[in-house]
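Here is how the chains run, residue by residue.
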Amino acid sequence: NDNLSISSSPLPKLSYAKKQSTIYKPISFKGVGLHSGKKVEMILHPAVENTGYVFKVKNGPNSFVDIIADYKNVTRTRLCTTISNDSGHEISTTEHILSALYGLNIDNIIIELTASEIPVMDGSSIEFVNSIVNNGIVEQENFKKVIKINKSVEIKEGNKIARISPHNETIITCEIEFDSNLIGHQTISLVLNPDIYKSQISNARTFGFLEDVNDLRKNNLALGGSLDNAIVISNNKILNKDGLRYNDEFVRHKALDLIGDISLAQYKIVGSIYSFRAGHDLNNKLLHKVFSSRDNWEFSYIS
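Reference entry: report on the structure contained in this document. (Residues numbered from 1 in each chain as written. Predicted model: local features only at pLDDT ≥ 70, side-chain atom pairs only at ≥ 80, totals over all residues. Heavy atoms only, no water.)

## Topic: the overall build of the protein chain
The helix and strand inventory of the protein chain stands at six helices and 21 strands. The globule rule puts the C-alpha radius of gyration for 303 residues at 19 Å, and the 20 Å found for the protein chain is close to it. In terms of overall dimensions, the protein chain has C-alpha extents of about 85 × 50 × 40 Å along its principal axes. Across the 303 residues that make up the protein chain, the buried fraction comes to 50%. Considering only contacts in the protein chain between residues 6 or more positions apart, those separated by 24 or more positions represent 73%. As displayed, the protein chain has an accessible area near 15000 Å², and 48% of this comes from carbon and sulfur atoms. (Helix = DSSP H or I, 4+ residues; strand = E, 2+ residues; numbered from the N terminus. Rg over C-alpha atoms; globule rule 2.2 N^0.38 Å. Buried < 20%, exposed > 50% of the residue type's maximum accessible area, 1.4 Å probe, protein only. Contact = heavy atoms within 4.5 Å. Areas by Shrake-Rupley, 256 points an atom, 1.4 Å probe, with all protein chains shown as cover.)

## Re the pairing of strand β9 (residues 109-113)
Counting buried positions over the five residues of β9 gives four, a clear majority of the element. With five bridges connecting them, strand β3 (residues 39-46) and β9 associate as antiparallel partners. Along β9, the bridge assignment pairs L44 with I111. When strand β4 (residues 53-60) meets β9, the two strands line up parallel, connected through five bridges. (Pairing = 2+ DSSP bridges.)

## Concerning the sheet that holds strand β7 (residues 82-84)
Remark on secondary structure: sheet strands pair via backbone hydrogen bonds, oriented parallel or antiparallel. As summarised here, the arrangement of the three strands in space is β6-β7-β8, forming an open sheet in which the pairing is antiparallel. What marks the edges here is a single partner per strand, and that holds for β6 (74-76) and β8 (90-91). Summarising the sheet, β6 and β7 pair through two bridges and their orientation is antiparallel. Within the sheet, the bridge partner assigned to R76 lies in β7 and is T82.

## A closer look at the side chain of N240
Structurally, N240 can be placed in the loop between β18 (237-238) and α5 (249-262). Overall, N240 belongs to the buried group, its relative accessible area being 7%. Of note is the side chain of N240, whose polar atom sits 2.8 Å from the backbone oxygen of A230. Sequence-distant contacts of N240, defined by excluding residues within four places in its chain, comprise R205, L227, A230, I231 and V232. (Polar contact = N/O pair within 3.5 Å; in protein donor to acceptor, adjacent residues only side chain to side chain.)

## Observations regarding the pattern of salt bridges
Side chains that carry opposite charge are capable of pairing whenever their charged atoms lie near each other. Inspection of every chain in the model, using the stated rule, returns eleven salt bridges. In this structure, the salt-bridge partner of R163 is E154, at a minimum N-O distance of 2.7 Å. Across the pair K285 and D281 runs a salt bridge, and its minimum N-O distance is 3.1 Å. With a gap of four residues between them, K285 and D281 both fall in helix α6 (residues 280-290), about one helical turn apart. (Salt bridge = Lys/Arg side-chain N within 4 Å of Asp/Glu carboxyl O.)

## Looking at the nonpolar core
M42, L44, F55, L101, I111, L113 and I269 are the most contacted members of the largest nonpolar core, which totals 68 residues. Every residue in contact with F55, bar those within four places of it in the chain, is listed here: V65, D66, I67, A69, I83, I91, T94, I97, L98, I111, L113 and I118. (Core = buried A, V, L, I, M, F, W, Y, C linked by side-chain atoms within 4.5 Å.)

## Considerations on unusual backbone geometry
Here T93, not a glycine, exhibits a phi torsion of approximately 55 degrees, which is positive. Positionally, T93 belongs in the loop between β8 and α1 (95-103). The backbone of M121 shows a phi angle near 55 degrees, a positive value even though the residue is not glycine. We classify M121 as buried; its relative accessible area is 16%.

## With respect to the environment of L286
Its location among the elements puts L286 in helix α6. As a C-alpha pair, L286 and S36 span 250 residues in sequence and 28 Å in three-dimensional space. The contacts of L286, once residues within four sequence positions are left out, are V153, E154, I155, A162, R163 and I164.

## Regarding the packing of helix α3 (residues 194-201) against α5
Relative to each other, α3 and α5 sit at 140 degrees, their axes nearing to 10 Å. The angle between α3 and α5 places the two elements in the oblique class. Residues Y197, Q200 and I201 of α3 form the contact with α5, whose participating residues are R252, A255, L256 and I259. Considered class by class, the residues forming the contact of α3 with α5 number five nonpolar, one polar and one charged. (Axes fitted to C-alpha atoms, helices over the stretch in contact; angles between N-to-C directions. Parallel < 35°, antiparallel > 145°, perpendicular 65-115°, else oblique. Nonpolar A, V, L, I, M, F, W, Y, C, P; charged D, E, K, R; others polar.)

## Considering a nonpolar patch on the surface
A cluster of nonpolar side chains, L210, L227 and L239, forms an exposed patch at the surface whose accessible area comes to about 250 Å². Tracing the backbone through its elements, the reader meets L227 in the loop between α4 (210-218) and β17 (231-234). (Patch = residues over 30% accessible without salt bridge, like charges linked within 9 Å, V, L, I, M, F, W, Y side chains within 5 Å.)

## Some points on the sheet that holds strand β5 (residues 63-68)
Across the sheet, which stays open at both edges, the five strands sit in the order β2-β3-β9-β4-β5 with mixed pairing between neighbours. Of all strands in the sheet, those with a lone pairing partner are β2 (27-32) and β5, marking the two edges. If you compare each strand with its neighbour and ignore which way they point, the axes differ by 25 degrees on average. Taken strand by strand, helix α2 (residues 126-135) contacts β2 and β3, and its axis lies near 165 degrees from that of β2.

Here it is as structure tokens:
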């Protein structure tokens, strides 16, 4: 044995396939739709393996329609992400609840609704996150498939960019630029995992300009918006009496929205996702472009 030498090089870092997950028991939320202004109750239900995210929208005393949270089902992207099924039934402002589920690494859930818009709660996803974490997350039997990005894919429209590149983790980078001095140029970059999502992203609220409200309401948008569920800006001032939760709350909320839109890939994406001045429309176009060629991605079980 004298010829045997023991290597002092470090052991390779091992990655293990993760199991799928759902929630422990149903969770109920009540609120109003940000754009419709209608009262809505939402119940999250545990779901079996390989279900993904499925909306169940009440359309009669005892009947529901299913709408699958899939990027191919996105039908409108003005100020929120609206998805529809083949019959034309739709659900809007999907991004905040989907962001919470994706940020917490939950794979399978049924989202039951009494109206066709998600309750806005306080304009962030913190109430969803806290309720899900307190309720408990259950590991399931099947392994979790992830999408590994193999090639950079980019969408550019004017000065807006959405891009995804190969990386061994899920990285979210968001950059915004507004004429408002109060917002200006902000950027954030982070590794997406449940702890970081909960502490850095989930508490950031949606925002808007008071000057735009009349026009939006003429178009039946922002009918449920208020200082209780959005940051409202007027003449470079924050109208909310408690101010901002973070100095850069605006870009953090854009990251929250981006995560919700990316969840429509239906699997966790392992890659670096970058957004500059982009919104729901470009986020969706990016997914369409990624999945337009199998050269761009592959399935993997390592996460």
